[in-house]
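# Structure at a glance
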Amino acid sequence: MFYSPFLVSLLVLTVALLCCNTHGAESTNKIGNGYRLISIQDSPDGGLVGHLQVKQKNKIYGPDISLLKLYVKHETDGRLRVHITDAKKQRWEVPYNLLPRAQPPNIKQTITRPIKPTFVSQYTSNTDLIFSYIQDPFSFAVTRKSNGQTLFNSSTPSSNLVFKDQYLEISTTLPKDASLYGLGENTQPHGIKLYPNDPYTLYTTDISAINLNTDLYGSHPVYMDLRNVGGEAKAHAVLLLSSNGMDVVYTGTSLTYKVIGGVLDFYFFSGPTPLDVVDQYTEFVGRPAAMPYWSLGFHQCRWGYHNLSVVEDVVDNYKKAQIPLDVIWNDDDHMDFHKDFSLNPIAYPREKLVAFLDKIHSLGMKYIVLIDPGINVNSTYGVYQRGMANDVFIKYHGKPYLAQVWPGAVYFPDFLNPKTVSWWGDEIKRFHELVPIDGLWIDMNEASNFCSGLCTIPEGIKCPSVTGPGWDCCLDCRNITDTRWDNPPYKINASGMGEAIGFKTIATSATHYNGVLEYDAHSLYGFSQSIATHKALEGLQGKRPFILTRSTFVGSGHYAAHWTGDNKGTWEDLRYSISTVLNFGIFGVPMVGSDICGFYPAPTEELCNRWIEVGAFYPFSRDHANYYSPRQELYQWESVAESARNALGMRYKLLPYLYTLTYQAHIRGAPIARPLFFSFPEYTMCYGLSTQFLIGSSLMISPVLEANKTQVDALFPPGTWYNMFDMSQAIVSEKGQYVSLDAPLHVINVHVYQNAIIPMQQGGMISKEARMTPFSIVVTFPAGATEGKATGNLFLDEDELPEMKLGNGFSTHVEFYATVSQGKVKVWSNVQEPKFASDKGWIIEKVTVLGLNGVKDTFAVEVDDAAVDVSSVDITTTGDNNLNGDSVIRKSKMVVITGLKLAVGKKFAMSWKLGIEK
């Protein structure tokens with residue numbers, strides 16, 4: 001590792017930086033006048049440490065911090081860190097125990113080398129990221145070595161570095177053709193690509209997802225930048241690791257962060273592919289949590305299952321309708337007056353509930369309930385008593401901070417306190433002994449509060465009233481505006497309306513463990529609760545936890561799944577759901593879905609048909625509805641039931657493929673649902689596509705997203721795409737094209753791309769039974785192929801063990817390969833750790849190979865040297881038109897080999913020769 005101030009090969013970059021610095025050393029802007037670098041030295045860990053001195057102070061948004069410390073380090077070949085903080089005083093950062101990472105070295109200001117006006121450093125030959133700076137006024141840039149592209153450049157004509165106690169600002173220039181994704185959570189009406197001049201505010205807020213361009217439940221200050229330069233596409237990502245509220249202003253040619261506290265802690269991830277980016281990102285923030293197999297089944301929930309008999313009827317009706325169902329949920333209906341870890345003794349008597357759970361557990365079904373963080377202030381309530389005894393609640397001036405949620409007056413647990421984590425785990429254990437739940441749903445954890453400010457319990461008034469809706473504030477409250485934490489100098493666009501940052505949440509001057517301010521830690525609340533809940537569930541019976549959380553932060557995917565919150569039963573919300581789901585894959589939270597058919601109000605029958613056709617391919621697939629909405633289980637309309645049987649029927653056949661994707665997510669961060677540009681980064685037509693998506697690298701979903709439509713115009717990137725519902729139908733797209741597809745009410749178009757091998761089973765009503773059916777594999781070559789390769793894989797394990805990995809004696813990994821070359825087709829497998837699959841007795845009974853040319857009507861296949869008779873079917877292709885406007889048809893065959901008994905746990909090989917058709 002070395003530093004070189006003047007690398008000749010990079011002088012062009014330095015000159016470019018100087019040219020961009022048009023505002024000059026003496027210019028000022030409205031908020032700050034910038035800094036100059038006054039010292040620089042190597043750090044003991046191989047990084048770089050410098051000190052920055054303010055050029056000229058002003059008092060807009062508070063006084064400038066006079067001396068800053070700069071720390072730069074290539075932490076891996078694909079990750080560069082740039083950290084800027086107060087040199088004299090420790091400032092708030094995301095706690096290192098919540099998100100483990102290296103701490104910058106504590107080095108006092110010295111000058112160990114002459115300060116050069118410009119500097120370019122190259123750390124190792126393996127990194128593609130180059131850091132450079134300009135001394136006065138200080139700015140820095142990150143450049144890609146392989147193509148010279150500037151990825152981040154804080155030298156902008158309109159903005160200097162600003163660093164005040166409660167206002168930090170830094171900008172970067174961007175090329176016009178950069179495609180940006182991320183910066184959530186918000187509902188983006190323009191699709192997955194960031195849209196210039198849309199507001200992007202990051203601050204966890206309980207505000208319905210029907211609100212567009214508004215700070216919603218999660219805070220993810222990371223974006224992916226995809227650029228195609230001269231036909232070569234490369235992606236990178238930028239994370240500003242901060243839990244403080246912020247506005248991010250994106251103009252199309254620049255991006256500006258306006259943060260109300262903390263530090264500037266940037267991480268740059270070099271890619272260069274989108275998959276590489278999420279691999280590098282999740283390597284840093286935490287790999288996505290291992291998911292149990294059953295979590296990929298279909299889930300049914302409703303706020304308003306008033307008693308146990310209603311839940312029992314729901315399960316029975318799904319069975320009668322022959323619609324798959326794995327998990328039944330309760331919102332807060334099971335609770336005793338909305339109190340966590342309680343049961344309503346009349347509506348959900350324990351003895352009958354446990355008997356019901358014994359019944360569904362014997363079938364392989366699961367049961368999940370909701371808990372909110374607010375603990376009811378009630379002297380007769382054991383959870384409250386034990387919480388008070390352990391001193392676990394967030395404080396205001398030394399006393400527990402009072403708020404209101406569903407049960408009325410509540411205190412909020414402080415999950416930054418180690419004692420709270422232990423107490424929370426004990427309460428979950430106690431509840432699990434009462435009711436053998438299979439997972440937990442943690443809601444309202446932004447944290448949500450029906451009141452604002454400093455409150456007291458009113459005397460002589462029932463709060464909440466029995467007749468009211470329950471979300472009206474009934475405490476006696478007064479606003480808190482006399483502190484700089486509740487009324488900061490810069491107002492972010494909170495709640496999309498410039499609300500006070502303490503509006504309908506915990507007062508931002510309240511304190512957590514060790515005096516941490518809610519002002520700083522606010523957006524970590526759901527994240528810290530997810531960590532505590534995961535730890536608690538992990539200790540129960542040694543099973544793999546399943547947690548669904550509403551509020552998320554950087555790293556939440558390491559512990560929990562997410563749903564996109566309170567959406568609306570509209571066509572617009574159906575479309576928006578795709579972008580939000582795809583964004584969370586980029587955020588490292590791949591197990592994600594939206595409320596199918598909408599949370600409220602009542603969807604139309606047609607909309608619910610189309611929504612289950614999309615939702616069947618969300619990674620997390622759940623129907624959920626509001627208390628005040630009519631019932632919308634999938635069997636309520638026969639037409640919806642038919643669409644559900646069709647779409648969920650395919651999902652359950654694809655469970656081996658989906659589960660393998662969860663393994664790939666767990667070990668490499670790969671999203672389950674992906675934008676098309678993940679597989680086709682060179683194909684710029686798909687950069688803004690938000691109406692189709694991929695499952696894994698090879699399955700494309702092209703849904704109907706508008707009313708009264710029986711066709712859908714779908715974009716097909718270059719190559720051959722086979723219809724998963726009728727594999728004798730294919731689309732051949734030479735250069736990429738839109739194709740109009742038939743889509744009657746009960747049809748969802750799902751296509752598989754060439755060069756793939758997809759493992760499948762026969763499906764079923766419950767994932768447990770589907771998992772024991774014989775396997776098949778589908779091999780896809782380009783239509784008419786005489787030369788080609790295809791690959792795929794399959795991961796199997798004891799899915800409720802905490803760890804999802806090879807090497808524990810309870811897992812098997814199979815790699816599938818296929819080639820067509822020199823007139824011969826080969827299909828074979830390699831198996832890692834075969835014992836688990838062998839002990840289960842899993843077999844492959846069918847192999848389907850698509851796209852071959854030169855297949856005779858009858859021929860022999862050798863399977864491990866034994867001959868097997870097979871059949872073939874013509875494939876009908878739709879494709880590009882030739883110069884005369886005629887459709888180009890490619891002859892190809894589908895070869896189906898059945899009656900096999902190939903052990904999944906044993907490698908196999910099969911082959912046959914191509915010949916001339918009769």
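Refer to the structure above for everything that follows.
These lines cover the structure that appears in this document, whether it is placed above or below. In this text the structure is predicted, and so the values were computed from the model without any measurement.

### Here we look at the overall build of the chain
Helices and strands together make up the secondary structure of the chain, namely 14 helices and 54 strands. Since a compact globule built from 918 residues should have a radius of gyration of about 29 Å, the 29 Å found for the chain is in line with a globular shape. Once the C-alpha set of the chain is aligned to its principal axes, its extents read approximately 85 × 80 × 50 Å. Across the 918 residues of the chain, 64% fall into the buried class. On the chain, roughly 32,600 Å² of surface is accessible, and the fraction owed to carbon and sulfur atoms is 51%. Looking at charge distribution, the chain has the averaged site of its 78 positive side-chain charges lying 5 Å from that of its 90 negative ones.

### Observations concerning helix H3 (residues 308-320)
For H3, spanning 13 residues, the distance from its first C-alpha to its last is 19 Å, which sits close to the expected 18 Å at 1.5 Å a residue. When H3 is considered as a whole, its buried residues turn out to be Leu308, Val310, Val311, Val314, Val315 and Tyr318. Projected down its long axis, H3 carries its buried residues within an arc of 170°, all on one side. Residues of H3 that are exposed and point over 90 degrees away from its buried face: Lys319 and Lys320. Summarising the contacts, the buried residues of H3 are in contact with strand S18 (298-300), strand S19 (327-330) and helix H4 (350-363). Once H3 finishes, Gln322 follows within two positions and takes phi at roughly 60°, a positive value.

### Section: the sheet that holds strand S33 (residues 621-623)
Reading across the sheet, the 9 strands line up as S31-S30-S29-S26-S20-S19-S18-S33-S32 and stay open at both edges, with parallel pairing between neighbours. In the strand order of this sheet, the two ends are held by strand S31 (592-593) and strand S32 (595-596), each with one partner. As judged from the 2 bridges shared by S32 and S33, these two strands associate in the parallel manner. When the sheet's bridge partners are listed, Ile596 is paired in S33 with Asp623.

### Topic: the pairing of strand S24 (residues 402-405)
The alternating pattern of S24 places Leu402 and Gln404 on one face and Ala403 and Val405 on the opposite face, and all of these are buried. Alignment of S24 against strand S25 (residues 408-411), held across 4 bridges, turns out to be antiparallel. Within the sheet, the bridge partner assigned to Val405 lies in S25 and is Gly408.

### Remarks on the state of the cysteines
In total, this model carries 4 disulfides according to the counting rule given. Bridging Cys451 to Cys473, the disulfide has an S-S length of 2.1 Å. When the S-S torsion is 105°, as for the bridge of Cys451 with Cys473, the disulfide is right-handed. Taken together, the residues Cys451 in the loop between strand S26 (439-442) and strand S27 (454-456) and Cys473 in the loop between S27 and strand S28 (476-478) connect sequence positions 22 residues apart. On the accessibility criterion, Cys451 (1% relative accessible area) is buried. Judged by relative accessible area, which is 36%, Cys473 ranks as partly exposed.

### A short note on the pairing of strand S8 (residues 150-153)
Direction of pairing for strand S7 (residues 139-144) relative to S8: antiparallel, over a ladder of 3 bridges. Each residue of the ladder has a partner; that of Ala141, found in S8, is Asn153. What sits between the antiparallel neighbours S7 and S8 is a turn of 5 residues, in which Gly148 has the positive phi angle 75°.

### A few points about unusual backbone geometry
Note the cis peptide between Asp136 and Pro137, where omega equals -10°. Along the chain, Pro137 turns up in the loop between strand S6 (129-134) and S7. Cis geometry is adopted by the peptide bond preceding Pro272, which originates at Gly271 and carries an omega value of 15°. Mapped onto the elements of the fold, Pro272 is located in the loop between strand S17 (264-269) and helix H2 (274-285).

### Concerning the pattern of salt bridges
For the coordinates displayed, the defined rule picks out 32 salt bridges. As a salt-bridge pair, Arg631 and Glu633 come within 2.8 Å of each other at their nearest N and O atoms. Residue classification places Arg631 among the partly exposed residues on the basis of a relative accessible area of 33%. By relative accessible area, Glu633 is classed as buried at 0%. Via salt bridges that share partners, Glu75, Arg79, Arg81 and Asp265 belong to a single interconnected network.

### Remarks on the packing of aromatic side chains
For the structure shown, the criterion picks out 60 aromatic pairs. Look at Phe527 and Phe553: their rings are 6.0 Å apart centre to centre, the planes differ by 45°, and that puts the pair in the tilted class. Of the two residues, Phe527 sits in helix H8 (residues 525-538) while Phe553 sits in the loop between strand S29 (547-549) and strand S30 (561-563), which places them 26 residues apart along the sequence. We note that Phe527, like Phe553, is buried. An aromatic cluster of three or more residues is present, and its members are Phe341, Tyr384, Phe393, Tyr411, Phe412, Phe415, Trp423, Trp424, Phe431 and Tyr525. If you follow Arg101 out to its NZ or CZ, it ends over the ring of Tyr96, 3.8 Å from the centre. The cationic tip of Arg771 hangs over the ring face of Tyr293; the distance from NZ or CZ to the ring centre is 4.2 Å.

About the thresholds
Residues numbered from 1 in each chain as written. Predicted model: local features only at pLDDT ≥ 70, side-chain atom pairs only at ≥ 80, totals over all residues. Heavy atoms only, no water. Helix = DSSP H or I, 4+ residues; strand = E, 2+ residues; numbered from the N terminus. Rg over C-alpha atoms; globule rule 2.2 N^0.38 Å. Buried < 20%, exposed > 50% of the residue type's maximum accessible area, 1.4 Å probe, protein only. Areas by Shrake-Rupley, 256 points an atom, 1.4 Å probe, with all protein chains shown as cover. Lys, Arg positive; Asp, Glu negative; His and termini not counted. Charge placed at Lys NZ, Arg CZ, Asp CG, Glu CD. Expected span 1.5 Å × (residues − 1). Arc of directions from axis to C-beta. Contact = heavy atoms within 4.5 Å. Pairing = 2+ DSSP bridges. Disulfide = S-S within 2.5 Å. Salt bridge = Lys/Arg side-chain N within 4 Å of Asp/Glu carboxyl O. Phe/Tyr/Trp six-rings, centres within 6.5 Å; stacked < 30°, edge-to-face > 60°. Lys NZ or Arg CZ within 6 Å of the ring centre and 35° of its normal.

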